[in-house]
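Listed here are the chains, written in short residue letters.
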Amino acid sequence: QGQGAVVAEGANAALVAKLLAAAKVAARQVELEAGFVNPANALLPRSAMMSAAAAGATGSNQLALAIPGGVSAGAPEEVYSTEIEINDFPQKARWLVTQKREVFRMGDEYNVAITPKGSYFPPGKQPRDGERKLYLLIEGPMERGVKMCKSEIKKTIQEATEKALISGRYNL
């Protein structure tokens, strides 16, 4: 129905869902074997990350290759996510990675969603229970896109922080 879209109904939908899920698992395995993914630094699907956080686990960068409960029609798509705390960087660095134009550009380029979360806490002030310092949540359907976006954000923050240190407007 228009622009080359394939519409699957009934039994075909279940088969398509199973094939897509199997392809995702195979692609992740190829990335792992080719060295694109370091198992110790890989990202969890969002559902697994939420479970780990609820269990109090830290270091959410572990790879989950299995599809829990098997594949079924209408199974939700996996979402990879990671976080970058930006609270303690200079204002200019925080602004560069949260301005609307940059967020949209990186979102389109890496197929991710970037969401600022938490609250800003000035130096010396610590968040109370239930509060978090300012951070960015990066979510996307592909682990590689999430990792590349995180890498670009870190680079942007580092460059802006170095400029602020050189100009003398920011002290560590």
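The structure reproduced in this document is the subject of the present report. Since this is a predicted model, take the numbers as computed values, not measurements. (Residues numbered from 1 in each chain as written. Predicted model: local features only at pLDDT ≥ 70, side-chain atom pairs only at ≥ 80, totals over all residues. Heavy atoms only, no water.)

**Some remarks on the sheet that holds strand β3 (residues 135–140)**
Our working definition: Any two strands between which DSSP finds at least two bridges are classified as paired. Only DSSP runs of H or I reaching four residues or more are called helices, and only runs of E reaching two or more are called strands; each is numbered from the N terminus. Note on definitions: angles span 0 to 180 degrees between N-to-C directions of axes, and those axes are lines fitted to C-alpha atoms, for helices only across the stretch in contact. Every residue pair with non-hydrogen atoms within 4.5 Å of one another is taken to be in contact.
Pairing is antiparallel in the open sheet, where 3 strands are placed in the order β1-β3-β2. Every interior strand has two partners, whereas the edge strands, β1 (80–85) and β2 (113–117), have only one. In this sheet, neighbouring strand axes are inclined to one another by 20° on average, regardless of whether the strands run parallel or antiparallel. Of the strands in this sheet, β1, β2 and β3 touch helix α5 (residues 143–167), which is tilted by about 10° from β1.

**A look at the nonpolar core**
The condition that has to hold: Here, nonpolar core refers to any group of buried Ala, Val, Leu, Ile, Met, Phe, Trp, Tyr and Cys residues whose side-chain atoms link them within 4.5 Å. Accessible area is worked out with a 1.4 Å probe on protein chains only. A residue is then buried under 20% of its type maximum, exposed over 50%, and partly exposed in between.
I86, V112, I114, I138, C149, I153 and I157 are the most contacted members of the largest nonpolar core, which has 18 residues in total. With 5 residues, α5 is the single largest residue contributor to this core. Here C149 is in contact with M106, Y110, V112, I114 and I138, once residues within four sequence places are set aside.

**A short note on helix α4 (residues 100–110)**
Helical geometry note: an α-helix holds 3.6 residues per turn, so side chains three or four residues apart project in the same direction. Basically, it comes down to this: What the arc covers is the set of directions going from the helix axis to the C-beta atoms.
Residues V103, M106, G107 and Y110 constitute the buried set of α4. Along the long axis of α4, the arc covered by the buried residues comes to 105°, so they all point the same way. Exposed residues pointing more than 90 degrees away from the buried face of α4 are listed as K100, R101, F104 and D108. Those residues of α4 hidden inside the fold are in contact with α3 (91–98), β2 and α5. Two residues or fewer past α4, N111 is found with a positive phi of approximately 55°.

**Examining the packing of α4 against α5**
Worth spelling out the cut-off: It is the rotation of the near helix from the far one that decides the hand of a crossing: anticlockwise by less than a right angle makes it left-handed, clockwise makes it right-handed. Classification convention: Asp, Glu, Lys, Arg as charged; Ala, Val, Leu, Ile, Met, Phe, Trp, Tyr, Cys, Pro as nonpolar; all other residues, Gly among them, as polar.
At a minimum axis separation of 9 Å, α4 and α5 run at an interaxial angle of 145°. The two elements α4 and α5 cross, and the hand of that crossing is right-handed. Side by side, α4 and α5 meet where E102, R105, M106, E109 and Y110 of the first sit next to G145, M148, C149, E152 and I153 of the second. Tallied by class, the residues present in the contact of α4 with α5 amount to 5 nonpolar, 1 polar and 4 charged.

**Focus on the packing of α3 against α5**
Quick reminder of the rule: Here roughly perpendicular refers to angles of 65 to 115 degrees, roughly parallel to angles under 35, roughly antiparallel to angles over 145, and oblique to all remaining angles.
Between α3 and α5, the shortest axis-to-axis distance is 8 Å and the interhelical angle comes to 150°. Judged by the inter-axis angle, α3 sits roughly antiparallel to α5. In the packing of α3 onto α5, the handedness of the crossing is right-handed. Residues A93, L96 and V97 of α3 form the contact with α5, whose participating residues are I153, T156, I157, A160 and T161. Considered class by class, the residues forming the contact of α3 with α5 number 6 nonpolar, 2 polar and no charged.

**Points about the environment of M106**
Counting through the fold element by element, M106 comes out in helix α4. Taking the C-alpha atoms as reference points, M106 and C149, separated by 43 residues in sequence, lie 6.7 Å from one another. The residues contacting M106, other than those within four sequence positions of it, are N111, V112, I114, C149, E152 and I153.

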